Amino acid sequence: EDRLRERHAATVRQAAALSKKREAAAQRFAARVAAELSTLKMADTEFAVALSATPADPDTDPHLIVGTHAVSESGIDRAVFTIAPNVGETLKPLVAIASGGELSRVVLALKSILAASESVATIVFDEVDAGIGGAVAEVVGRKLATLAQHHQVICITHLPQIAAFADRHFVVRKEQAGGRTRTCVARVEGEARIEELARILAAQAAAFHD
């Protein structure tokens, strides 16, 4: 019992110290994410990390309770990413309000910051080019190329500014044969890749004029 009391007291101290460190780190992290988002056509976006304590329930072991909060291997905190994509809006949970394009760009910003320390092997981006083009698309392409130095990055895109930065370029098409529709994936290299980039660039220009 004496040893348990000693361990509980140590747990209380460590949990409180970890929470303080998290609070300071969350503010620095949020500022860096906001700075990354400003380069991805989300300049007015507010981003924050909301920390809250995990409440203890009746089944929680008394030695794993700090005040009224439960402590786990990761401490007493819960972290939720919150976002306000538009001026005048209040911060709300990212998972609840972000569109596909916004979520992809937030993930790109997060991964750009965490690239050196993350252990995730493969990252897939879809709609990361939603609502962007021109110079912003080139910035996204460069960020993806930087991220690919630490991870395998698979990006589905219709923008030549992004596709041009890929180490490998695959074209996905639908074909009909024998009364069936099938999806074909083919790698393009050399002149074929240049032609494909020119094709999607021409399609983008035609859509702009329309």
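Look a little higher up for the structure.
The text that follows walks through the structure, step by step, so that each part is easy to find. (Residues numbered from 1 in each chain as written. Predicted model: local features only at pLDDT ≥ 70, side-chain atom pairs only at ≥ 80, totals over all residues. Heavy atoms only, no water.)

Some details on the pattern of salt bridges
Applying the stated rule across the entire model yields 8 salt bridges. Ionic pairing is found between R142 and E138, a salt bridge with its closest N-O pair at 2.9 Å. Of this pair, R142 and E138 are both found in helix α4 (residues 134–147), 4 residues apart, which corresponds to roughly one turn of the helix. In this structure, R187 engages E189 in a salt bridge whose closest nitrogen and oxygen atoms are separated by 3.2 Å. Judged by its relative accessible area of 41%, R187 falls in the partly exposed class. Overall, the relative accessible area of 52% leaves E189 in the exposed class. Linked by salt bridges that have partners in common, R173, E196 and R199 make up one network. (Salt bridge = Lys/Arg side-chain N within 4 Å of Asp/Glu carboxyl O. Helix = DSSP H or I, 4+ residues; strand = E, 2+ residues; numbered from the N terminus. Buried < 20%, exposed > 50% of the residue type's maximum accessible area, 1.4 Å probe, protein only.)

What to know about the environment of T45
Within the fold, T45 resides in the loop between α1 (2–38) and β1 (46–53). T45 sits 28 residues away from A17 along the chain, and the two C-alpha atoms are 30 Å apart. For T45, the residues in contact, after removing those within four places along its chain, are A34, L37, I83, A84 and P85. Within the local environment of T45, its side chain forms a polar contact with the backbone oxygen of M42, the two atoms lying 3.1 Å apart. (Contact = heavy atoms within 4.5 Å. Polar contact = N/O pair within 3.5 Å; in protein donor to acceptor, adjacent residues only side chain to side chain.)

Side note on unusual backbone geometry
For K41, which is not glycine, the phi torsion reads 60° and is therefore positive. Taking relative accessible area as the criterion, K41 reaches 53% and is therefore assigned exposed.

A word on the nonpolar core
Ranked by internal contacts, the top residues of the largest apolar core, which has 28 residues, are V33, F47, V106, L108 and V140. The residues contacting V33, other than those within four sequence positions of it, are F47, A109, L110 and I113. (Core = buried A, V, L, I, M, F, W, Y, C linked by side-chain atoms within 4.5 Å.)

Points about α1
An α-helical turn contains 3.6 residues, so any two residues separated by three or four positions project in the same direction. Taking 1.5 Å of rise per residue, 37 residues should cover 54 Å, and α1 covers 54 Å from first to last C-alpha, within 8% of that figure. All buried positions along α1 are accounted for by A15, S19, A26, F29, A30, V33, E36 and L37. The inward-facing, buried residues of α1 contact β1, β2 (65–66), β4 (77–84), α3 (100–114) and α4. (Expected span 1.5 Å × (residues − 1).)

Description of the packing of aromatic side chains
Under the definition given, this model contains 2 aromatic pairs. Between F47 and F81 the ring centres are 5.4 Å apart and the planes differ by 50°, which places this aromatic pair in the tilted class. Remark: F81 occurs in strand β4 and F47 occurs in strand β1; sequence separation between them is 34 residues. Under the relative-accessibility criterion, F47 is labelled buried at 8%. Members of the aromatic cluster, connected to one another through ring pairs, are F29, F47 and F81. (Phe/Tyr/Trp six-rings, centres within 6.5 Å; stacked < 30°, edge-to-face > 60°.)

With respect to the sheet that holds β1
Taken together, 3 strands build an open sheet; the order of strands is β1-β4-β5 and the sheet is antiparallel. A single partner strand is all that each edge strand has here, and the edge strands are β1 and β5 (92–93). Relative to β4, β1 is paired through 8 bridges, and the arrangement is antiparallel. If you follow A53 over to β4, its bridge partner there is D77. Lying over the sheet, α1 contacts β1 and β4, oriented at roughly 165° with respect to β1. (Pairing = 2+ DSSP bridges. Axes fitted to C-alpha atoms, helices over the stretch in contact; angles between N-to-C directions.)

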